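Descriptive analysis of the structure
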There are 2 protein chains.
Amino acid sequence: MRSHEVTETAPRPTLEAVAARAGVSRATVSRVVNGGEGVREPLVERVRRAVEELGYVPNQAARSLVTRRHDAVAVVIAEPETRVFADPFFALQLRGISKELTAHDSQLVLLLTESRDDYARVGRYLAGGHVDGALVFSLHLDDPLPELIRGADVPTVFGGRPGWGEGARGTAPTPYVDSDNRGGARDAVRHLLGLGRSRIAHITGPLDQTSTVDRLDGYRDVMADADPRLVVEGDFTPAGGERAMRELLDRCPDLDAVFAANDLSASGALRALRTLGRRVPEDVALVGFDDMLPVAEQTDPPLTTVRQNTEEMGRLMASLLLRGLDRQGGGGAEEPGAGGAPSGVVLPTTLVRRASA
Amino acid sequence: MRSHEVTETAPRPTLEAVAARAGVSRATVSRVVNGGEGVREPLVERVRRAVEELGYVPNQAARSLVTRRHDAVAVVIAEPETRVFADPFFALQLRGISKELTAHDSQLVLLLTESRDDYARVGRYLAGGHVDGALVFSLHLDDPLPELIRGADVPTVFGGRPGWGEGARGTAPTPYVDSDNRGGARDAVRHLLGLGRSRIAHITGPLDQTSTVDRLDGYRDVMADADPRLVVEGDFTPAGGERAMRELLDRCPDLDAVFAANDLSASGALRALRTLGRRVPEDVALVGFDDMLPVAEQTDPPLTTVRQNTEEMGRLMASLLLRGLDRQGGGGAEEPGAGGAPSGVVLPTTLVRRASA
DNA sequence: TTGAAAGCGCTAACAG
DNA sequence: CTGTTAGCGCTTTCAA
């Protein structure tokens, strides 16, 4: 049906066309399209019909050029590791972000980085003013990305507590959304304690991430005087959890419980325990973190774990950013929650009991 | 440090500013910024310096307005199911897409749909001409999305073989990228045959997806005269795999091998087998599909499976789309691989042997 | 309440 | 090779 000329450019109708059709001026059409404030009803109606008939869709480029809004938000995921693929964590946050952005007619521009070589590109993009704001996931304590973004001077909300000192002099507070990692960890360990366990070990995540640090702190809050050999570093993967568990068992054969920093390492730990002949939960009780259903419900036994509302975190990040944008009309600070509002929003966690503890 | 006036808009330098600084015209600056063809070296140098000093970044909106290019591609993931989160499949494809787009200075706009209610929004967006093209994942046979996108008249490449009739009259061929699902399935089943197994069962994915159909066809290619009770529908999840495995064992207690349509269902099947006292691979040999490392390598025993190069699929999709865009200057057809080129690119799979078969 | 007119920042003919 | 000149499609004063 379609012709095959190279120049076959479907000529999208412009405001002009709609105006002509409706017999009004461009300005009037523009008003109607943008909410119809201050236009008399019959005209509104006529314009609406013309828009409908012509299948008019505003040209976002032209609009941005004058409004300096883009109705787009960048989501930066700076995770060189394979973690992004090993668990559905980011996917769920993305889902939440997407929902919120969609509800506000904003677009999601995804920026994935392979390595730090990509950071310059991301910085340039953000500084280029192509988006109204940024949602940034950068989990590592020494990551230069946050600083770079600060320089780009674009409103930003971080996913997870950023690693640098909160109160650096002269700098604006950095808004972020996080789970109550510390509190959740405390709940987990207390639960184990309540089960009558006393030799409670902890498999951490990578120690250069704030979530790991916070969960470890929670563990220590409750187990202040625990044997330091009961803490082993993992890496949030099943393989790491398995390795850590073996080391733990090696060091402290008498341990009777384990709190793993996430479900994936818990699943690895579970495997090590089974291989080495320990029954769960009879011999060793096990608690995870995340409540990633495909993992936590599928292990044998299913995992008792600390649930964080991952999707809600994403939604909240977007919501905070958008709110800030509305407030200051897209102006240039990474400070959506301005005006002395708390800079970090911490979502509660809940302990989900299954069979492993 | 920063003042707090609402109007604090960092005034980005314009072409004009750079031109003034370099003592040339806007046109010259534009030329340099876009590659510097046909500008004498000393001028190029001066302009470059001015750009550098001012920290000039082109205003994409202004550029798009005239070029009608956006240097952005939409990625549409239409998966209402939770599958997106249950396995890293999309994440890996996204990674591949992102790499390729990045290499071509193109942006990735992510469009996630919750339900079919969102389709209209996606259609509007695509039809709105906000992006140069679209990469679409729509796995279900009866999905109205492809038709909708066809209507939007934007260059598109599909991920996975689309479900509708390839040769519908008068319609352009639909470019897509897929794995050789059928061939991979054949390899899997032949491998099982080679192991001396004869009662080989198949756990399918959801039957409304082309990948499921193709893998089933591959199974049947080799097992033409197999007992029909040896085929049970699964849903690509561990739970589904477990359920299917139980049913299979119930129907055909004498089966000695299983080909599961993906690793996740294989892991579920594995669990059922263990629970019911069958040894893998001694009693029942098991082969999966995907080679999702976090799954295939972590099961006990690790899975023999059919590897598909997921990331490469993503990269190829983007590459195809971009190539098509270059060719026809962004014109309006879903036909990047135009000119009689094959409309579907099918990537080979490879059997990866581990312990389960 | 509506319309006319002036750009937003950039590219692309067209001259010189 | 470089500069001048028109717009791209839209929003937004400013007048009417």
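Residues numbered from 1 in each chain as written. Chains lettered and ligands numbered in written order. Predicted model: local features only at pLDDT ≥ 70, side-chain atom pairs only at ≥ 80, totals over all residues. Heavy atoms only, no water.

**Notes on the protein's contact with DNA strand D**
Near DNA strand D lie 28 residues; those nearest to it are Leu15(A), Arg26(A), Tyr56(A), Arg40(B) and Arg68(B). By atom count, sugar and phosphate contribute 62% of the portion of DNA strand D lying within 4 Å of the protein. Here Arg26(B) contributes a side-chain N or O atom positioned 3.0 Å from a base nitrogen of DNA strand D. One of the side-chain N or O atoms of Thr28(B) is found 2.7 Å from a phosphate oxygen in DNA strand D. Looking at which element gives the most residues to the surface near DNA strand D, the answer is helix H4 (residues 60–67) of chain A, with five residues. (Near = heavy atom within 4 Å. Polar contact = N/O pair within 3.5 Å; in protein donor to acceptor, adjacent residues only side chain to side chain. Helix = DSSP H or I, 4+ residues; strand = E, 2+ residues; numbered from the N terminus.)

**Some remarks on the sheet that holds strand S9 (residues 285–290) of chain A**
Residue and element names in this part refer to chain A. Pairing is mixed across the open sheet formed by six strands, whose spatial order is S7-S6-S8-S9-S10-S12. A single partner strand is all that each edge strand has here, and the edge strands are strand S7 (231–233) and strand S12 (350–352). Across the sheet, the mean angle from the axis of one strand to that of its neighbour is 20°, orientation sign disregarded. Bridging between strand S8 (residues 257–260) and S9 involves three bridges; their strand directions are parallel. Looking across to S9, one finds that valine 258 is bridged to leucine 286. On top of the sheet, helix H11 (residues 238–251) reaches strand S6 (200–204), S7 and S8; it is set at about 150° to S7, its chief contact. (Pairing = 2+ DSSP bridges. Axes fitted to C-alpha atoms, helices over the stretch in contact; angles between N-to-C directions. Contact = heavy atoms within 4.5 Å.)

**Comments concerning the UniProt feature "domain: HTH lacI-type" (unreviewed entry) in chain A**
In the UniProt entry, the feature "domain: HTH lacI-type" (unreviewed entry) is given for residues 13–67 of chain A. From the first C-alpha to the last, residues 13–67 of chain A spans 20 Å; its make-up is 69% helix and 0% strand. (UniProt positions renumbered as here; feature names shortened; annotations may be inferred.)

**Some remarks on the environment of Asp263(A)**
All names here are of chain A. Its location among the elements puts aspartate 263 in helix H12 (residues 263–275). Judged by its relative accessible area of 0%, aspartate 263 is buried. Separated by 120 residues in sequence, aspartate 263 and aspartate 143 have C-alpha atoms that sit 25 Å apart. Not counting residues within four places of it along the chain, the set of residues in contact with aspartate 263 comprises Gly288, Phe289, Asp290, Asp291, Met292, Val295, Ala296, Leu303 and Thr305. (Buried < 20%, exposed > 50% of the residue type's maximum accessible area, 1.4 Å probe, protein only.)

**Some remarks on the protein's contact with DNA strand C**
Among the 28 residues in the neighbourhood of DNA strand C, the closest are listed as Arg40(A), Arg68(A), Leu15(B), Arg26(B) and Tyr56(B). Taking the atoms of DNA strand C that fall within 4 Å of the protein, sugar and phosphate contribute 66% of them. Arg26(B) has a polar side-chain atom sitting 2.6 Å from a base nitrogen of DNA strand C. Contributing elements (two or more residues each) for the surface near DNA strand C: helix H2 (26–33) and H4 of chain A together with helix H2 (26–33) and helix H4 (60–67) of chain B. No other element matches the five residues that H4(B) contributes to the surface near DNA strand C. When grouped by side-chain class, the residues that make up the surface near DNA strand C number 13 nonpolar, eight polar and seven charged. (Nonpolar A, V, L, I, M, F, W, Y, C, P; charged D, E, K, R; others polar.)

**Considerations on the confidence of the model for chain A**
Residues and elements named next belong to chain A. Here chain A averages 88 in pLDDT, while 88% of its residues score no lower than 70. Segment residues 1–9 is flagged for pLDDT under 50; beyond a separation of four residues in sequence, or across chains, it makes twelve contacts in the model. Note on residues 329–341: pLDDT is under 50 here. Beyond four places in sequence and across chains, it has 32 contacts. (pLDDT = per-residue confidence, 0-100.)

**Things to note about the packing of aromatic side chains**
One pass over the structure, following the stated rule, counts six aromatic pairs over all chains. The interplanar angle of 50° and the centroid separation of 6.3 Å between the aromatic rings of Phe259(A) and Phe289(A) together place this pair among those described as tilted. Remark: Phe289(A) occurs in strand S9 and Phe259(A) occurs in strand S8; sequence separation between them is 30 residues. Note on accessibility: Phe259(A) and Phe289(A) belong to one class, buried. Ring-pair connections join several aromatic residues into one group, and the members of that group are Phe89(A), Phe90(A) and Phe137(A). Arg215(B) extends its terminal NZ or CZ atom over the ring of Phe289(B), reaching a point 3.8 Å from the ring centre. (Phe/Tyr/Trp six-rings, centres within 6.5 Å; stacked < 30°, edge-to-face > 60°. Lys NZ or Arg CZ within 6 Å of the ring centre and 35° of its normal.)

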